[in-house]
There are 2 protein chains.
Amino acid sequence: MTSDILAYQAADLLAEPRLQVFSGRSALVTGGLGFIGSNLVHALNALGASVTVIDSLSDGQGGNRFNLQGIEDLIDIRLADINDEAAVAEAVRGRHYVFNLAASVSHLDSLDAPFRDLDTNVRGNLAVLEAVRRYAPEARVVYAGTRSQYGLIQTSPVTEEHPLLPTEVNSANKAAADLYHFAYHIAHGMATVSLRLTNTYGPRMLTAHWRQGFINWFVRTAVEGGVFKLYGDGSQVRDLVYVDDVVRAHLIAAVTPDVAGQAFNVGSGNPVSLLQIATQLIEIAGQGSIELVPFPDDARRIEIGDYVADTAKIDRILDWQPRISLRQGLERSVRYYQTYREHYW
Amino acid sequence: MTSDILAYQAADLLAEPRLQVFSGRSALVTGGLGFIGSNLVHALNALGASVTVIDSLSDGQGGNRFNLQGIEDLIDIRLADINDEAAVAEAVRGRHYVFNLAASVSHLDSLDAPFRDLDTNVRGNLAVLEAVRRYAPEARVVYAGTRSQYGLIQTSPVTEEHPLLPTEVNSANKAAADLYHFAYHIAHGMATVSLRLTNTYGPRMLTAHWRQGFINWFVRTAVEGGVFKLYGDGSQVRDLVYVDDVVRAHLIAAVTPDVAGQAFNVGSGNPVSLLQIATQLIEIAGQGSIELVPFPDDARRIEIGDYVADTAKIDRILDWQPRISLRQGLERSVRYYQTYREHYW
């Protein structure tokens with residue numbers, strides 16, 4: 001089953017001429033045992049890159065050794081925190097590409113433990129950028145930021161010019177690291193690009209708990225035939241993008257010339273309500289039910305409002321478009337976790 | 001001479017009805033031995049507030065015991081870093097007002113020592129906000145941000161909606177702390193306000209070295225009758241504001257109802273070139289000369305372009321306008337350092 005998914009991805013990537021430059025090149029993926037990171041490692045490996053991973057396998061985060069199952073012997077995996085400056089320096093040295101995906105991704109956890117979130121999301125990214133400046137100044141650097149940096153939505157769809165109004169520390173920290181990537185381009189001439197990802201879903205996502213967003217928990221609920229608890233009337237709008245499309249965006253951002261210092265939204269541009277997502281998952285899994293519950297106070301306060309990405313910029317400049325429909329993506333996700341659930345929860 | 005300046009400021013502040021609410025109230029000023037912080041402490045003391053100061057007196061930063069000369073016995077001065085969570089918690093407990101002015105302010109230093117800048121400007125502000133959340137959740141919090149958060153100027157004059165494009169880590173860190181203040185308002189309902197200060201000048205400014213911007217060094221050069229070294233042709237435009245006006249903006253922001261979560265530019269709105277400033281200082285001091293030199297590489301890379309603040313928002317919502325003209329402010333500055341130079345360099 002994993003091999004099905006890998007075979008699809010590899011064929012798709014190997015058919016895209018501009019991505020063949022990774023062959024024989026060297027890449028570092030921070031957070032490479034995590035959800036998006038591990039999918040990116042699979043892609044880079046399929047494209048013939050030699051790949052190094054730094055991952056701390058922190059408790060409660062998305063790192064999972066099973067995510068690299070089948071290619072673990074081909075990848076240089078280093079268990080270290082990105083705040084470990086010596087380990088980061090060693091891992092960065094000589095790389096052609098650096099993908100910054102290591103992160104703490106829970107908005108709710110950051111309310112209780114803001115300093116821990118700061119250490120990973122701000123200081124950790126600064127450590128990586130400093131290492132690149134010193135040991136691999138020519139490397140192309142891609143940062144995986146988040147739509148939640150925009151915070152309270154003022155205008156929709158949300159362009160890259162939308163003000164940064166993060167509603168909690170996690171999103172503020174993700175924004176700070178984004179600003180760092182820009183500043184290192186200006187101050188030190190480094191080739192950094194920032195992506196701002198909307199809700200990403202698919203195989204290899206953490207599903208052990210619900211504190212990292214709703215979509216992983218929804219997929220798990222479908223696989224278990226459980227109850228989807230929606231806040232309010234479930235009409236909150238999100239913009240979901242399948243992980244293979246997000247991986248392609250990272251690859252393209254890394255190889256496209258003349259985009260240093262720029263930021264790009266990555267999303268489908270297609271609004272969908274939480275109620276619609278739950279309904280589709282129930283259809284796909286053939287089980288599960290929906291319950292509408294009142295908003296908890298903490299979730300209500302940091303709710304950003306309906307989010308739809310404006311993807312005109314990435315379409316125009318990176319010639320990137322999502323390829324996997326929501327229905328296809330949800331089907332693949334359910335199928336993956338039906339097969340491999342024992343490795344994820 | 002200090003007493004002249006104090007007497008002026010006190011009379012001015014005591015004449016403003018809305019500022020009389022500070023009488024008998026309790027305020028914390030972080031960085032209260034520094035330039036703007038100490039001027040704010042003088043003002044709060046004149047208005048009858050009981051004032052606590054936290055300052056680390058870090059080497060090379062603006063903290064200077066002489067800045068509170070004359071009132072040092074009336075102020076509760078605590079020598080501690082704002083990263084000292086226990087000291088901050090103790091200092092915050094029970095305060096009605098918290099003014100967050102402790103900062104590292106050198107753009108150039110942050111290029112060489114980005115982690116130190118992070119600790120003070122990001123982690124330190126987070127420590128203060130966490131302490132307020134736990135021990136003084138009703139306090140009004142005012143953050144002293146900076147125009148350099150806007151970074152590369154896209155449109156002029158610069159409004160509060162201008163994108164954040166900081167050109168180096170110091171400005172990115174100041175922006176991150178600004179985002180924190182907003183996030184704590186949204187997530188925890190705290191009454192935070194952010195100010196974004198343009199180049200502030202006046203008495204009690206650090207003049208020991210030139211790494212914190214140009215205006216302090218210009219004033220020192222005038223007092224010493226030295227050579228003003230201007231980069232390029234000296235036509236770079238800045239927006240200078242006198243410290244007494246900046247102090248009034250802090251006080252007003254702290255007492256104005258219904259402005260929590262908002263950001264306000266503080267500036268004169270009057271563009272002036274570096275050449276014009278140097279020329280005025282030479283006239284005032286009756287000495288000094290100008291030399292035009294090529295831009296050093298590091299300064300050129302992080303040069304943001306001409307800056308003029310759009311101050312329509314602070315004018316409208318806080319009813320704040322600058323009162324001290326550039327000529328008056330420069331005269332007072334030169335006079336102050338002619339008298340007290342031995343305490344500053």
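Above this note sits the structure.
For every chain, the first residue of its written sequence is number 1, and the numbers climb from 1 along that sequence. Note on labels: chains are lettered from A, ligands numbered from 1, in written order. Totals for whole chains, interfaces and linings use all residues, but because this is a predicted model, local features are given only for residues with pLDDT of at least 70 and pairs of side-chain atoms are given and counted only at 80 or more. For the side-chain quantities, the full set of heavy atoms in the structure was used; hydrogens and water were omitted.

Enquirer: Lay out the pairing of strand β5 (residues 140-146) of chain A with the relevant residues and their values.
Expert: Residue and element names in this part refer to chain A. Using a 1.4 Å probe on the protein chains alone, a residue whose accessible area is under 20% of its type maximum counts as buried, one over 50% counts as exposed, and one in between counts as partly exposed. Under the DSSP-based scheme used, a helix requires at least four consecutive residues in state H or I and a strand at least two consecutive residues in state E, with every element numbered from the N terminus. Within β5, 7 of the 7 residues are buried, which leaves the element mostly enclosed by the surrounding structure. The alternating pattern of β5 places R140, V142, A144 and T146 and V141, Y143 and G145 on opposite faces, both of which are buried. As judged from the 4 bridges shared by strand β4 (residues 97-100) and β5, these two strands associate in the parallel manner. When the sheet's bridge partners are listed, N100 is paired in β5 with Y143. A pair of strands is labelled paired if DSSP reports no fewer than 2 bridges between them. Here β5 runs beside strand β6 (residues 191-197); their pairing, made up of 7 bridges, is parallel. Among the inter-strand pairings, Y143 is bridged to a residue of β6, identified as S194. Following the chain from β5 across helix α6 (residues 169-188) to the adjacent parallel β6, one finds a crossover that is right-handed. By the criterion used throughout, a crossover qualifies as right-handed when its path from the first strand across the helix to the second strand runs clockwise, the strands pointing away from the viewer.

Enquirer: Give me the lowdown on a nonpolar patch on the surface, citing residues and values where you can.
Expert: All names here are of chain A. On the surface, a cluster of nonpolar side chains totalling about 230 Å² of accessible area is made up of L275, I290 and L292. Structurally, I290 is set in strand β13 (residues 289-293). When its relative accessible area of 33% is taken as the criterion, I290 is described as partly exposed. Within the patch definition used here, like charges are joined within 9 Å and nonpolar side chains (Val, Leu, Ile, Met, Phe, Trp, Tyr) within 5 Å, considering only residues with over 30% relative accessible area and no salt bridge. The accessible surface values rely on the Shrake-Rupley method and a 1.4 Å probe; as for residues, cover is taken only from the protein chains in view. Each salt bridge in this description consists of a side-chain nitrogen of Lys or Arg and a carboxyl oxygen of Asp or Glu lying within 4 Å of one another.

Enquirer: Pulling in residues and values, what's your account of the relation of the copies chain B and chain A?
Expert: Fitting of the copies onto one another was done by least squares over C-alpha atoms, counting residues only where both copies have pLDDT of at least 70. Laying chain B over chain A is done by rotating through 180° and shifting 0.0 Å along the axis; what remains is an RMSD of 0.0 Å. Read as a symmetry element, the transformation amounts to a two-fold axis. No C-alpha of chain B lies nearer the rotation axis than that of A176 of chain B, which sits 2.6 Å from it.

Enquirer: Residues and numbers for the sheet that holds strand β1 (residues 26-30) of chain B, please.
Expert: All names here are of chain B. Pairing in this open sheet of 7 strands is parallel, and the strands run β3-β2-β1-β4-β5-β6-β11 from one edge to the other. The two strands at the open ends of the sheet, each matched to only one other strand, are β3 (76-79) and β11 (263-266). Adjacent strand axes in the sheet meet at a mean angle of 20° when their direction is disregarded. Alignment of β1 against strand β4 (residues 97-100), held across 4 bridges, turns out to be parallel. By the bridge assignment for β4, V29 is matched with F99. Contacts are assigned to residue pairs with any non-hydrogen atoms lying within 4.5 Å of each other. Between N-to-C directions, angles cover 0 to 180 degrees, with each direction set by a line fitted to C-alpha atoms, over the stretch in contact for helices. Set on the sheet, helix α2 (residues 35-46) makes contact with β1, β2 (50-55), β4 and β6 (191-197); between it and β1 the angle comes to about 170°. Along the sheet, helix α3 (residues 85-92) makes contact with β1, β2 and β3, crossing β2 at roughly 170°.

Enquirer: Mind laying out the packing of helix α9 (residues 274-285) of chain B against helix α12 (residues 326-340) of chain B, listing which residues take part and the relevant values?
Expert: All names here are of chain B. Running from N to C, α9 and α12 cross one another at 55°; their axes reach a closest spacing of 10 Å. In terms of their interaxial angle, α9 and α12 are classed as oblique. In this structure, α9 crosses over α12, and the sense of that crossing is right-handed. Of the residues in α12, those touching α9 at I277, Q280, L281, E283, I284 and A285 are L326, R327, L330, E331 and V334. Note that Gly is not counted as nonpolar here; it falls among the polar residues with everything else outside the nonpolar set of Ala, Val, Leu, Ile, Met, Phe, Trp, Tyr, Cys and Pro and the charged set of Asp, Glu, Lys and Arg. Of the residues contributing to the contact of α9 with α12, the split by class is 7 nonpolar, 1 polar and 3 charged. Just so you know how the angles are binned, under 35 degrees is roughly parallel, over 145 roughly antiparallel, 65 to 115 roughly perpendicular, and the rest oblique. Two helices crossing with the near one rotated counterclockwise from the far one by less than a right angle form a left-handed crossing, whereas a clockwise rotation gives a right-handed crossing.

Enquirer: Residue-level account of the packing of aromatic side chains, with values.
Expert: Pairing of aromatic side chains here covers Phe, Tyr and the six-membered ring of Trp, requires ring centres within 6.5 Å, and sorts the geometry by plane angle: under 30 degrees stacked, over 60 edge-to-face, intermediate tilted. Enumeration over the complete set of coordinates arrives at 24 aromatic pairs over all chains. Measuring from centroid to centroid gives 5.2 Å for Y337 of chain A and Y344 of chain A, while their planes differ by 80°, and the two rings are edge-to-face. Here Y337 of chain A and Y344 of chain A have matching classes, each one buried. Between Y336 of chain B and Y340 of chain B the ring centres are 5.0 Å apart and the planes differ by 50°, which places this aromatic pair in the tilted class. Linking Y336 of chain B with Y340 of chain B, this pair stays in helix α12, spanning 4 residues, or about one helical turn. A relative accessible area of 1% means that Y336 of chain B is categorised as buried. Put simply, the rings of F66, Y336, Y337, Y340, Y344 and W345 of chain A touch in pairs and so form one group of aromatic residues. Charge-over-ring placement is defined geometrically: NZ (Lys) or CZ (Arg) within 6 Å of the ring centre, and within 35 degrees of the ring normal. In this arrangement the basic side chain of R147 of chain A is found over the ring face of Y307 of chain A, its NZ or CZ atom lying 5.5 Å from the centre. In this structure, K313 of chain B is placed above the aromatic ring of F264 of chain B, and the distance from its NZ or CZ to the ring centre is 5.0 Å.

Enquirer: Can you explain the interface of chain B and chain A? Please cite residues and give values.
Expert: On the chain A side, the residues contacting the 35 residues of chain B number 35 residues. Summed over both partners, the interface of chain B with chain A buries about 3000 Å², with 70% contributed by carbon and sulfur atoms. Of all residues in chain B, F115, R123 and L179 of chain B give up the largest surface area on contact with chain A, accounting jointly for 20% of the area buried on that side. For the pair chain B and chain A, the number of links is 2 salt bridges. Measuring nitrogen to oxygen at the nearest pair gives 2.7 Å for the salt bridge that ties R123 of chain B to D119 of chain A. Counted as a polar contact is a pair of N or O atoms within 3.5 Å, where, for protein atoms, one must be capable of donating a hydrogen and the other of accepting one, and residues adjacent in sequence contribute only when both atoms are in side chains. On the surface where chain B and chain A come into contact, there are 4 residue pairs in polar contact (both at pLDDT 80 or more). Counting only elements with at least two residues in the side of chain B that touches chain A, the list comes to α5 (114-135), α6 (169-188) and α10 (297-302) of chain B. The greatest single-element share of the side of chain B that touches chain A, amounting to 13 residues, is contributed by α6 of chain B. Once two parts are put together, the accessible area they lose, assessed with a 1.4 Å probe and summed over both, is termed the buried area.

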